[in-house]
Structures are given as structure tokens and as C-alpha cells.
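# Inside the fold
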Amino acid sequence: MSIITLLTDFGICDEYVGTMKGVILSIDPSVTIIDITHHIEPQDIVQAAYAIQSYYKYFPEGTVHVVVVDPGVGGERAILALETRRYIFLAPDNGVLSLLMDEADVKSVICVDNSTYFLKEISQTFHGRDIFSPIAAYITKGVKLQNLGSVMDQNDIKQLNVQKPYVADNGDLVGCILSIDRFGNLITDIGYNRIKRFCRLHRQKNPEVKIGSTKITGLSENYESKKAKTPLALIGSRGYLEIAVGNDSAKVYFSAKKGDPIRLIR
Amino acid sequence: MSIITLLTDFGICDEYVGTMKGVILSIDPSVTIIDITHHIEPQDIVQAAYAIQSYYKYFPEGTVHVVVVDPGVGGERAILALETRRYIFLAPDNGVLSLLMDEADVKSVICVDNSTYFLKEISQTFHGRDIFSPIAAYITKGVKLQNLGSVMDQNDIKQLNVQKPYVADNGDLVGCILSIDRFGNLITDIGYNRIKRFCRLHRQKNPEVKIGSTKITGLSENYESKKAKTPLALIGSRGYLEIAVGNDSAKVYFSAKKGDPIRLIR
Amino acid sequence: MSIITLLTDFGICDEYVGTMKGVILSIDPSVTIIDITHHIEPQDIVQAAYAIQSYYKYFPEGTVHVVVVDPGVGGERAILALETRRYIFLAPDNGVLSLLMDEADVKSVICVDNSTYFLKEISQTFHGRDIFSPIAAYITKGVKLQNLGSVMDQNDIKQLNVQKPYVADNGDLVGCILSIDRFGNLITDIGYNRIKRFCRLHRQKNPEVKIGSTKITGLSENYESKKAKTPLALIGSRGYLEIAVGNDSAKVYFSAKKGDPIRLIR
């Protein structure tokens with residue numbers, strides 16, 4: 001039994017996602033389709049790129065992970081089928097897979113252009129239905145990747161144009177808020193390994209995190225670690241630094257928004 | 001393996017949809033249930049009727065399409081099981097299937113009233129759970145439609161009371177905005193064939209679309225066809241005229257709302 | 001074929017729920033996963049407790065109902081596997097199962113603490129992924145409950161701290177609004193049996209319901225029973241008293257909110 005996951009920015013108020021599933025099941029009726037989320041901010045490739053890192057490893061080997069965050073639909077951008085040791089990713093060539101490629105063991109990349117495996121009629125605005133869905137279903141049905149198009153050099157794949165955490169002139173490590181979850185927790189782009197290296201370098205036992213004018217010392221174990229209404233820093237379930245507030249929303253507490261800077265004080 | 005699709009206005013904040021799935025799986029554990037959307041505007045039969053046209057064809061033959069947008073629940077309205085060449089539709093008799101009937105090849109219509117196939121206890125407010133779900137599951141399990149109730153004359157089915165695009169006194173073709181998607185694209189009720197006929201009649205090479213006081217000349221290929229922040233018209237993935245704005249929301253750009261008129265200028 | 005249902009407060013904008021499904025399918029690829037809702041208000045244990053009562057009975061025998069509304073994640077609270085005659089419930093020990101226990105026939109309760117069946121790495125903030133999902137999947141795969149931890153005395157399970165409907169000094173029965181659905185219907189905590197007993201006691205043929213300064217006499221059969229824009233009271237699909245307004249939103253009509261009192265007048 002095969003699995004296809006869907007990550008899109010289509011929302012769920014329209015029939016777009018349901019239609020994709022109809023196309024998939026028409027080709028491979030035995031596949032299990034799992035919605036990751038369809039609420040990536042419209043056309044926010046960076047948010048999608050980070051989200052992928054959070055879920056892909058938790059699926060069984062052989063899962064086909066489909067990503068349709070595709071501002072260039074109908075234009076010149078290519079469609080990639082990227083094979084790692086355990087998974088296959090299907091996504092537009094717009095950088096959305098580039099964070100994944102930094103950490104996963106990529107075996108091959110195919111530029112998908114064999115229209116034999118597309119729907120017969122291709123709209124210019126909904127390749128999720130007309131190309132991504134049938135291709136994904138043909139893959140789970142057993143069509144070899146090399147039949148879907150031509151091999152691409154990994155170096156030719158578009159890279160994400162994103163500022164990663166950097167060391168400022170005063171020695172602080174500066175990251176930012178990547179996303180804010182439903183509980184108001186602020187999820188940053190500063191990974192746990194990066195924090196450990198920073199502390200070792202500066203001989204700090206506990207990191208000191210700064211958001212706005214507030215300093216938070218040390219990492220908490222969980223959201224309940226401190227008393228209510230008190231800010232805390234912790235390593236979230238994605239392995240990145242998060243800012244939370246006990247029994248409250250850090251988003252509201254700090255009037256925080258996506259992109260705001262977060263510092264590890266030297 | 002059978003498929004049941006669900007289109008409702010129940011939203012997803014309550015347990016209504018999950019409960020329907022429990023009823024379905026209790027009767028036919030092998031069925032695959034696909035959510036189309038549960039965000040039809042509460043009781044908006046017209047929106048649902050147009051949505052159906054967009055997805056139903058993309059599902060495998062034999063799929064049972066269930067539609068529960070049902071302001072008359074618990075009242076006198078009948079429940080229809082409508083069979084076309086490839087599909088079965090289950091919906092209240094309130095006009096929601098009438099656009100479909102204009103284009104699909106209807107084989108028979110049954111007025112579903114055999115309570116043998118309902119849940120034992122019928123609430124007056126949630127026929128989605130108590131009638132639609134068990135009926136759908138018995139259909140995928142193999143119960144013949146004629147066992148679910150009595151045959152109806154197609155002419156007795158309720159028609160949707162909806163203004164279709166019309167020719168105004170000055171010769172313009174006047175349609176309206178049917179729905180607005182997550183990207184702010186304005187989806188109209190003017191189909192591509194209608195546009196082609198209009199242009200042929202008036203010997204226009206390219207249609208001229210008017211929204212508010214803005215004129216848009218010609219159809220674009222895709223959302224990226226023009227430069228950013230510029231309005232464009234195109235045929236969307238549903239086969240209908242859409243108004244978009246390059247890298248922006250047409251909804252915001254035009255302060256547009258559902259029902260606003262859209263014209264093809266003569 | 002086994003079924004796992006998911007009730008959480010995770011929302012669907014993040015990848016949390018999708019990730020849980022990946023973990024489940026990695027352990028038991030044959031399971032069917034049904035979303036009840038992920039829109040329980042963040043950490044609202046009372047809302048979740050009432051919701052459970054509405055759906056659990058509609059699923060096939062053997063279904064594993066997973067509930068992750070878990071403000072104490074990463075802290076001291078236990079995780080329960082509770083077996084009734086027909087189902088297994090998996091939830092934090094925070095009272096969320098206590099309404100269910102009032103009505104269901106509980107066979108045994110296990111305190112889940114055998115980390116053999118957890119993911120290898122346990123985060124402090126996402127036990128939905130790291131503990132609830134793998135445990136649920138091992139249960140559907142056939143692992144016996146007694147292998148998951150030690151038996152608990154039912155009397156040691158946390159009870160929900162919730163005001164139930166009570167008789168006021170003047171003899172009125174006072175309940176409250178538990179939740180408001182998408183249509184603006186006000187769902188109360190006053191069950192139908194309680195209403196029948198109250199009417200019998202006071203020799204009323206029809207109950208008189210008071211919300212704010214409005215009195216509603218008698219129960220309607222359905223949402224269409226009275227003319228438009230008129231308030232009505234009825235027994236909803238959950239078996240509880242609901243306040244609705246014909247073709248309108250009772251929430252707007254009464255400026256109602258969760259927790260507002262509703263009275264049966266003596």
C-alpha cells in the first residue's frame with residue numbers, strides 16, 4: 001500500500017484539493033492520501049520549505065511527498081521529481097526543496113516533462129490537478145522516475161533565497177520568527193545544534209535569548225516549565241528554538257509577527 | 001474499492017463531518033471517503049451547484065458524490081439519488097443538482113424514502129448523519145438504487161433559481177462573480193464556450209472584459225502573464241472566466257465581492 | 001481493517017496532524033485515520049469532553065478514539081488507555097474522558113508508560129506525535145492494553161471541573177451555552193432527559209426556555225419550524241437543547257457567547 005502526502009497553499013474552502021484526490025484515485029485507487037496542510041500562506045515558498053523538514057521523515061519508506069506551492073504555475077518553471085534514500089518528492093523547481101537537499105541524501109533528480117503521464121487537457125492555472133496528481137499516482141503505481149522526464153544535475157536546481165541565522169557584528173547570533181502556530185508559539189529558524197555550538201564557543205552554560213527588549217535565560221523543558229504568563233524559550237518538536245508564554249500566546253504577549261528577529265546574546 | 005465524496009456546509013470546527021464518516025464506515029468499512037470541501041457558505045445552494053461541476057468528473061467511475069447543503073433539513077424536501085452514466089449523486093431536492101443535470105447524462109432519479117436504510121433514530125436536524133451517510137454506504141455496498149425509494153420524473157426535480165449570464169440591452173454579455181478563491185481570484189459564471197460564441201458573433205479577436213470601471217483586453221495564459229499588480233482575465237481551471245491580478249489579490253484590488261457584475265463588452 | 005479517530009486542538013494550519021498520521025502509518029499501514037476535528041479551542045478540555053460524547057458511538061466496534069487536548073504536555077500528567085465494551089480511548093489524564101465515563105461501560109483503564117511503544121526520541125512538547133500516535137497504531141496492530149502500562153483504579157482518574165446544569169433558588173433549571181456551531185446555533189449542556197424530568201416535575205406540557213430576556217415556549221421539530229428571524233428551541237442532533245433562529249444566526253441575534261446562561265423557567 002502506497003502513501004502520497006499533499007502540502008499546498010490551496011486552502012480548503014475551494015474544491016481544489018478534493019479534485020486532486022479524484023485524479024490520484026482514478027489512476028491508483030489503492031493509494032492512501034494524507035493532507036499535511038493546505039494552509040501554507042499563498043505562495044510562501046520559504047514557509048513550505050521549512051515545513052517539509054518537519055514531517056517528511058515520519059512517513060514510511062517509499063512515501064511520495066507532493067508539494068504544490070507554485071507561484072510560477074503555467075510559466076517556465078520546471079517540475080522536479082527528487083529521489084532520496086527513502087522518499088520521492090514532487091515539487092516545482094522554485095527552491096521549495098532546497099532546505100531538504102541540504103540534509104537529505106539525494107539519489108537523483110528528474111525534470112518531469114513527459115506529458116504521457118499528465119492529464120490529457122492541461123490548464124495553465126492548476127497543475128496540481130493536471131500534472132502533479134497524475135504523476136504522483138503513476139509513481140505509486142510503479143512507473144520509474146526516469147520515464148517521467150530527463151535527469152537533471154542537482155546543481156541546476158533553484159536554491160531558496162532565504163536569510164539564514166547569522167552572526168552580527170557584536171557577536172550575537174541573529175535568527176528570525178519563521179512561523180507562529182495556533183497556540184501563539186513563535187517558531188524560529190535557529191536549530192538546536194546551532195545553539196549548542198554557539199554556547200560552546202562562548203562558554204555559556206545556558207543560552208540567553210532576546211526578543212524585543214525581553215531577555216530569557218536558559219531553555220525550558222516544556223510549555224509548563226515556568227509559571228503562567230511568563231515568557232520561556234525551548235526547543236520545539238521540530239528541533240528549532242521556540243518562544244512561548246506559559247498558559248498564554250507569545251504572539252499576543254510580544255505583538256510578534258513572522259520575520260521578527262530573535263537573538264542569542266553573546 | 002469504492003469512493004464516497006462529501007460536499008457540505010458543515011465547516012470543520014464541529015464533529016459533524018467526522019460523525020458522518022463513522023456512520024459510513026460502520027456500514028461499509030472498505031470505502032474511501034474524500035472531503036471535497038465543507039466550507040460552502042452556510043446554505044448557499046448556488047455555490048454548491050457550481051462547485052459540483054468542477055470536481056465530479058475527475059473521480060473514478062462508480063464514485064458516490066454526496067452533497068449536504070440542506071437548509072430544508074427536517075422539513076418536506078425530498079432526498080434524491082441521481083444516477084448518471086458514470087456516477088451516483090446523493091443530495092437534497094433543492095436545486096443543488098440542477099446545473100449538473102444540464103450537462104450530465106442522467107439515467108434515473110430515485111426519491112430516497114426507504115427508512116430501512118436510514119439510521120434507526122432520525123434526528124430532525126442532522127440528516128447528513130442519519131440519512132445521507134447510511135444511504136451512501138449502502139449504495140457502495142451494493143444496494144440497488146431502486147430499493148432506496150421510488151422512481152421520480154426528472155421534470156419534477158427542483159430547479160435552481162439562478163440568474164445565468166444574459167445579454168444586456170446594449171449588447172454586452174453580463175455575468176457575475178460566483179466565488180472568490182484563497183488567492184483572491186474572482187471566478188465568474190461566464191464559461192469559455194460562451195465567450196467564444198460572443199466573440200465570433202461580434203467579430204472580436206479578443207474579448208474585452210469590464211469589471212467596475214476597469215477594462216481588460218484579451219485573455220492571459222496564466223497568472224504570471226502580465227507584470228505584477230496588473231489586472232488580467234483568463235480561463236480558469238474550471239473552464240470559466242476568472243479575473244486575477246499579477247502577484248496580488250483581485251478581491252482586494254477591485255474591492256470585489258460575490259455577485260458583482262462582470263461584462264464582456266460588445 | 002482498523003480505525004483511529006483524532007480529536008485535537010492542533011488546528012490544521014501547521015503540519016502537526018499530518019505528522020501524527022505519518023507515525024501511525026509507519027507502524028500500521030492498513031489503518032484508516034479519521035479526523036473528527038482539530039479545532040477544539042486551544043486547551044479547552046470541557047469542549048473536547050462534550051464533543052467526544054457526540055461522535056464516539058457512531059464508529060464501528062474496535063475503533064481507537066485518540067484525544068489530544070493536552071495543556072499539561074511534557075509535565076506530570078499521565079496518559080490513559082481506557083477500554084469500554086466497544087471502544088478504546090487514548091487521552092491525557094486531565095478530565096477529558098470523565099463525561100464519557102459517566103455514561104459508557106468502562107472495562108479497564110491503563111496508565112500508558114511503557115516507552116517500548118513510544119517513538120525513540122520523545123520531545124517535551126509534541127506527545128501527539130511521539131506517544132499518542134505510536135501507541136494508537138500499536139493498539140490497532142494488536143498489542144494488548146496491559147502491555148502498554150499498569151492498570152489504574154477508575155477512581156483515580158481526573159474528573160472534569162465543570163459546572164453542570166443546576167436548580168436555582170427560584171426553581172429554574174440553569175444551564176449554559178457549551179458551544180456555537182458554524183450556523184450560529186447555540187448548543188447548551190441541558191440534555192433532553194433532564195428537560196423531560198423537569199417538565200414532569202413541574203407539570204409543564206412544554207418547557208419554557210429563557211435566554212437573556214427572551215422567552216421561547218415549546219420545542220420545535222427542526223430549524224424551519226417557525227417563520228424566519230424568529231428564535232426557537234429544539235433538541236439538537238447531540239440530544240441537547242439548542243437555541244436557533246429561523247434562517248439566521250442565533251449567535252448574532254442574541255449576541256451570545258460560550259458560557260452564557262440558559263434557563264428552563266419553572
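None of the values given here were measured: they were computed from a predicted structure.

### A few points about the relation of the copies chain B and chain C
The transform that puts chain B on chain C rotates by 120 degrees and translates by 0.0 Å along the axis, for an RMSD of 0.0 Å. The relationship between the two copies is best expressed as a three-fold rotation axis. Judged by C-alpha distance, T32(B) is the residue of chain B that lies nearest the rotation axis, at 5.2 Å. The two copies present different faces, since only 6% of the interface residues in chain B are matched by interface residues at the equivalent positions in chain C.

### A few points about helix α1 (residues 16-27) of chain B
An ideal rise of 1.5 Å per residue puts 16 Å on 12 residues; α1(B) measures up with 18 Å between its terminal C-alpha atoms. Judged by how many residues are buried, α1(B) sits mostly within the fold: 11 of 12 residues are covered.

### Quick look at the interface of chain A and chain C
Think of interface size as the accessible area that goes away when the parts come together; that is how it is often given. The partner chain C presents 33 residues to the 29 residues of chain A that form the contact. A per-residue breakdown of the area chain A buries against chain C is headed by Y58(A), R182(A) and F183(A), which together make up 29% of the total. Summed over the shared surface of chain A and chain C, the result is 2 salt bridges. Its salt-bridge partner being R238(A), residue D14(C) comes within 3.9 Å of it at the nearest N-O pair.

### Brief notes about the pattern of salt bridges
Residue and element names in this part refer to chain C. Inspection of every chain in the model, using the stated rule, returns 39 salt bridges over all chains. The shortest N-O distance in the salt bridge between R129 and D130 comes to 2.6 Å. Across the pair, exposure class does not vary: R129 and D130 are buried alike. The salt bridge partner of K229 is D248, with a shortest N-O separation of 3.3 Å. Of this pair, K229 sits in the loop between β12 (214-217) and β13 (231-235) while D248 sits in the loop between β14 (240-245) and α6 (250-253), and the two are 19 residues apart along the sequence. Residue D248 is classed as partly exposed on the basis of its relative accessible area, which comes to 30%.

### Quick word on the domain arrangement of chain A
All names here are of chain A. According to the domain assignment, chain A consists of domain 1 (3-156) and domain 2 (166-264). The C-alpha centroid of domain 2 is placed 32 Å from the C-alpha centroid of domain 1. Taken residue by residue, the interface counts 7 residues in domain 1 and 5 residues in domain 2. For the domain 1 and domain 2 pair, buried surface summed over both sides reaches about 460 Å², with 52% attributable to carbon and sulfur atoms. On the domain 1 side of the contact with domain 2, Q47, Y50 and S54 bury the most area, a combined 67% of that side's loss.

### With respect to the packing of aromatic side chains
Pairs of aromatic rings are described using the distance from one ring centre to the other and the angle between the two planes. Across all of its chains, the model carries 30 aromatic pairs over all chains by this definition. Here the aromatic rings of Y87(A) and F89(A) are separated by 6.4 Å at their centres, their planes lie at 75 degrees, and the arrangement is edge-to-face. F89(A) shares its class with Y87(A); the two are buried. Relative to F126(C), the ring of F10(C) has its centre 5.7 Å away and its plane inclined at 85 degrees; by these criteria the two rings are edge-to-face. Of the two residues, F10(C) is situated in the loop between β1 (3-8) and α1 (16-27) and F126(C) in the loop between β6 (106-112) and α4 (127-141); the sequence distance between them amounts to 116 residues. When its relative accessible area of 9% is taken as the criterion, F10(C) is described as buried. Members of the aromatic cluster, connected to one another through ring pairs, are F10(A), Y16(A) and F126(A).

Procedures and definitions
- Residues numbered from 1 in each chain as written.
- Chains lettered and ligands numbered in written order.
- Predicted model: local features only at pLDDT ≥ 70, side-chain atom pairs only at ≥ 80, totals over all residues.
- Heavy atoms only, no water.
- Least-squares fit on C-alpha atoms with pLDDT ≥ 70 in both.
- Contact = heavy atoms within 4.5 Å.
- Helix = DSSP H or I, 4+ residues; strand = E, 2+ residues; numbered from the N terminus.
- Expected span 1.5 Å × (residues − 1).
- Buried < 20%, exposed > 50% of the residue type's maximum accessible area, 1.4 Å probe, protein only.
- Buried area = accessible area lost by both parts, 1.4 Å probe.
- Salt bridge = Lys/Arg side-chain N within 4 Å of Asp/Glu carboxyl O.
- Domains from an automatic or database assignment.
- Phe/Tyr/Trp six-rings, centres within 6.5 Å; stacked < 30°, edge-to-face > 60°.

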